[in-house]
Amino acid sequence: MGSKRFNESKGPSQRQLRAGELVRHALVDILAREGFRDPALESVMISVTEVRPSPDLRSAKVYVAPLGGGDAKALAAALNKTAGFLRGRLGREIDMKFTPELHFHADNSFDTASQVDQLLARPEVKQDLDGEDD
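### Examining a positive patch on the surface
1) Next: Positive charge collects at one region of the surface, where Arg15, Arg18, Arg58 and Lys97 lie side by side.
2) Next: When you line up the elements, Arg58 lands in the loop between strand E1 (46-53) and strand E2 (59-66).

What follows is the structure, encoded as structure tokens:
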């Protein structure tokens, strides 16, 4: 009998996607409700952009960004310090066999999108884009 292994080229399974969304929604609720003593987390609105669970659902990469700008790496580092506390709260919120171990990462996709917008707005690029319509 062959073993089922996660194939990176296929992407996440439907089960991983469902679990990721379940964890993401629960984390958003927890982060909105809880008060943190860490100064890096006290006055920051946190956006949880994506949760990628491992194939066995025992750990998850959580991508976060501060709303309104700020240092996403510092935010991720502060959240990694409170990961145990957040995992405990998460265990009470979700109904899964295992509560995943949380690993927070800075989400830079908003910065990348902003850079692409700035590039597309440059006059020489606009000129090239307008010339393609002819």
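### Here we look at the packing of aromatic side chains
Two measures describe an aromatic ring pair: the distance that separates the ring centres and the angle between the ring planes.
1) Next: Counted under the stated rule, the structure contains one aromatic pair.
2) Next: With 6.3 Å between their ring centres and 85° between their planes, Phe36 and Phe85 make a pair best called edge-to-face. A residue pair is termed long-range when its members are at least 10 positions apart, and Phe36 in the loop between helix H1 (14-33) and helix H2 (39-42) and Phe85 in helix H4 (residues 83-93) qualify at 49 residues.
3) Next: On the basis of relative accessible area, Phe36 is assigned to the buried category, the value being 11%.
4) Next: Take Phe85: its relative accessible area is 36%, and that puts it in the partly exposed class.
5) Next: Its guanidinium or amino end placed over the ring of Phe98, Arg58 lies 3.6 Å from that ring's centre, counting from NZ or CZ.

### Quick word on the pattern of salt bridges
1) Next: In total, this model carries four salt bridges according to the counting rule given.
2) Next: Across the salt bridge formed by Arg24 and Glu21, the nearest N and O atoms sit 3.2 Å from each other. One end of the pair is Arg24 and the other is Glu21, both in helix H1 and three residues apart, which spans about a single turn.
3) Next: Since its relative accessible area comes to 38%, Glu21 is described here as partly exposed.

### Thoughts on the sheet that holds E2
1) Next: Spatially, three strands are ordered E1-E2-E3 in an open sheet, and the strand pairing comes out mixed. Looking at the sheet topology across the chains shown, the edges are occupied by E1 and strand E3 (101-106). In this sheet, adjacent strand axes meet at a mean angle of 30° when their direction is disregarded.
2) Next: As paired elements, E1 and E2 share seven bridges and run antiparallel to each other. Residue pairing in the sheet places Val51 in a bridge with Val62 of E2.
3) Next: Sitting on the sheet, H1 is in contact with E1, E2 and E3, with an inclination near 155° to E1.
4) Next: Against the sheet, helix H3 (residues 72-81) makes contact with E1, E2 and E3, and its axis sits at roughly 165° relative to E3, the strand it touches most.

### Here we look at unusual backbone geometry
1) Next: Of note in this structure, Leu57 is not a glycine but carries a positive phi near 65°.
2) Next: Secondary-structure assignment places Leu57 in the loop between E1 and E2.

Parameters at a glance
- Residues numbered from 1 in each chain as written.
- Predicted model: local features only at pLDDT ≥ 70, side-chain atom pairs only at ≥ 80, totals over all residues.
- Heavy atoms only, no water.
- Patch = residues over 30% accessible without salt bridge, like charges linked within 9 Å, V, L, I, M, F, W, Y side chains within 5 Å.
- Areas by Shrake-Rupley, 256 points an atom, 1.4 Å probe, with all protein chains shown as cover.
- Salt bridge = Lys/Arg side-chain N within 4 Å of Asp/Glu carboxyl O.
- Lys, Arg positive; Asp, Glu negative; His and termini not counted.
- Charge placed at Lys NZ, Arg CZ, Asp CG, Glu CD.
- Helix = DSSP H or I, 4+ residues; strand = E, 2+ residues; numbered from the N terminus.
- Phe/Tyr/Trp six-rings, centres within 6.5 Å; stacked < 30°, edge-to-face > 60°.
- Buried < 20%, exposed > 50% of the residue type's maximum accessible area, 1.4 Å probe, protein only.
- Lys NZ or Arg CZ within 6 Å of the ring centre and 35° of its normal.
- Pairing = 2+ DSSP bridges.
- Axes fitted to C-alpha atoms, helices over the stretch in contact; angles between N-to-C directions.
- Contact = heavy atoms within 4.5 Å.

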